Amino acid sequence: MTVLVTGSRGAVAQALIRLLRERGLPVRAASRTPDGPDVVHCDLSDPSTFATALKGTTSVFLYAEPSRIEEFTEEATAAGVEHVVLLSSSAVLSPDAESSPVAKSHLDVEKALDASFLHTTALRPGTFAGNALTWSRNLRSGRPISLPCPGSHSDPIHEADIAESALAVLTEPALGGRPYTLTGPESLTFTEQIGILSRVTGRSVPVRAVTREEWKQETAGHIPAAFADALMDWWQSTDGRPVELTAAVEQLTGHEARTFEIWARDHVGDFRA
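What you see is a predicted model; the values in this text were computed from it and never measured.

(A) Looking closely at the nonpolar core. Counting residues in hydrophobic clusters, the biggest one holds 31 residues, and the most contacted among them are Val5, Leu16, Phe61, Leu182 and Leu252. Within the residue set of this core, elements represented by two or more residues are strand 1 (3-5), helix 1 (11-22), strand 2 (27-31), strand 5 (83-87), helix 6 (159-171), strand 9 (180-182) and helix 10 (248-253). Ranked by size, the runner-up nonpolar core spans 25 residues in total, among them Ala129, Val200, Trp235 and Ala264.

Listed below in structure tokens is the structure:
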């Protein structure tokens with residue numbers, strides 16, 4: 001079994017590559033910007049890179065890039081790929097998934113894989129715990145963190161749990177072929193997450209409640225307006241409302257999902273540097 005891991009510079013992919021190598025399984029790291037001799041070029045928006053990356057692989061860990069997904073499924077089928085594990089998103093389960101810029105890219109890839117001849121497993125994590133890294137500068141500087149919905153709940157999941165879930169479905173054939181909604185073990189508000197980070201890092205950081213428009217203006221340089229609106233719509237829908245949790249991580253890995261505090265301790269250096 002040779003596993004092609006796309007998006008190899010991402011946190012989940014890096015963790016999965018380590019796990020596969022620890023198992024002694026052949027793995028081929030792939031990136032659109034390869035940074036070493038052991039990483040092959042695979043740009044999921046450029047079909048000319050697919051054939052070489054896929055040659056000789058039996059399984060693929062795939063990031064959700066919809067622009068050329070039909071060509072990718074054709075090349076993967078021609079290469080003899082037996083199983084594709086997609087890093088999707090629980091956003092595809094939302095009633096407005098078709099119109100949401102956050103969900104649609106993942107939904108389009110899921111549909112293309114379902115329409116292909118490839119055996120596919122979709123992993124649908126909720127909120128990545130790693131999203132909290134966007135607050136790292138504030139924790140280092142002591143500047144307030146601006147939030148339009150401080151009481152909004154999410155289900156932060158450790159990237160290690162996503163990687164271990166991917167390893168399970170890649171190595172246990174009976175687990176594949178169906179979607180899994182992955183969550184962390186707790187529904188936490190933004191304020192609670194920041195409190196945990198403050199406790200772990202020993203740095204107190206205030207939260208500044210802002211309006212929707214103020215937050216859009218602050219983030220305009222790196223979040224497109226449509227995505228910002230979609231995010232805030234979701235945050236407003238979970239403001240004061242705990243989100244539903246699943247036991248899928250435990251089902252796949254045999255252990256409970258890691259807490260946000262464990263993630264914070266694993267990444268404490270990112271907030272102190």
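(B) Examining the side chain of Ser31 more closely. Counting through the fold element by element, Ser31 comes out in strand 2. Residue class for Ser31 comes out buried when judged on its relative accessible area of 5%. Among the polar contacts made by the side chain of Ser31, one reaches the main-chain amide nitrogen of Thr33 at a distance of 3.0 Å. In this structure Ser31 touches Ser8, Arg9, Val39, Val40, His41 and Cys42, once residues within four positions along its chain are discounted.

(C) Quick look at the packing of aromatic side chains. Summed over the entire model, instances satisfying the criterion amount to seven aromatic pairs. With 6.0 Å between their ring centres and 85° between their planes, Trp135 and Phe190 make a pair best called edge-to-face. Taken together, the residues Trp135 in the loop between strand 6 (120-125) and helix 5 (136-141) and Phe190 in helix 7 (residues 190-201) connect sequence positions 55 residues apart. For Trp135, a relative accessible area of 9% translates into the label buried. A relative accessible area of 11% means that Phe190 is categorised as buried.

(D) Here's a closer look at the pattern of salt bridges. Counted under the stated rule, the structure contains 13 salt bridges. In this structure, the salt-bridge partner of Glu98 is Lys104, at a minimum N-O distance of 3.5 Å. Among the salt bridges present, the one from Arg208 reaches Glu218, with a minimum N-O distance of 2.5 Å. On the criterion of sequence distance, the pair formed by Arg208 in strand 11 (residues 207-209) and Glu218 in helix 8 (residues 212-219) is long-range, its members being 10 residues apart.

(E) Broad picture of the pairing of strand 5. Here strand 5 lies mainly inside the structure; five of its five residues are buried. Residues His83, Val85 and Leu87 line one face of strand 5 and the alternating positions Val84 and Leu86 line the opposite face, and both faces are buried. Read from strand 4 (residues 59-63) through helix 3 (residues 69-79) to strand 5, the crossover connection turns out right-handed. The sheet contact formed by strand 5 and strand 6 spans four bridges and is parallel. Residue pairing across strands places Leu86 opposite Ala122, the latter belonging to strand 6. In terms of handedness, the path from strand 5 via helix 4 (residues 101-114) over to strand 6 forms a crossover that is right-handed.

Each value, and the rule that gives it
- Residues numbered from 1 in each chain as written.
- Predicted model: local features only at pLDDT ≥ 70, side-chain atom pairs only at ≥ 80, totals over all residues.
- Heavy atoms only, no water.
- Core = buried A, V, L, I, M, F, W, Y, C linked by side-chain atoms within 4.5 Å.
- Buried < 20%, exposed > 50% of the residue type's maximum accessible area, 1.4 Å probe, protein only.
- Helix = DSSP H or I, 4+ residues; strand = E, 2+ residues; numbered from the N terminus.
- Polar contact = N/O pair within 3.5 Å; in protein donor to acceptor, adjacent residues only side chain to side chain.
- Contact = heavy atoms within 4.5 Å.
- Phe/Tyr/Trp six-rings, centres within 6.5 Å; stacked < 30°, edge-to-face > 60°.
- Salt bridge = Lys/Arg side-chain N within 4 Å of Asp/Glu carboxyl O.
- Right-handed = clockwise from strand over helix to strand, strands pointing away.
- Pairing = 2+ DSSP bridges.

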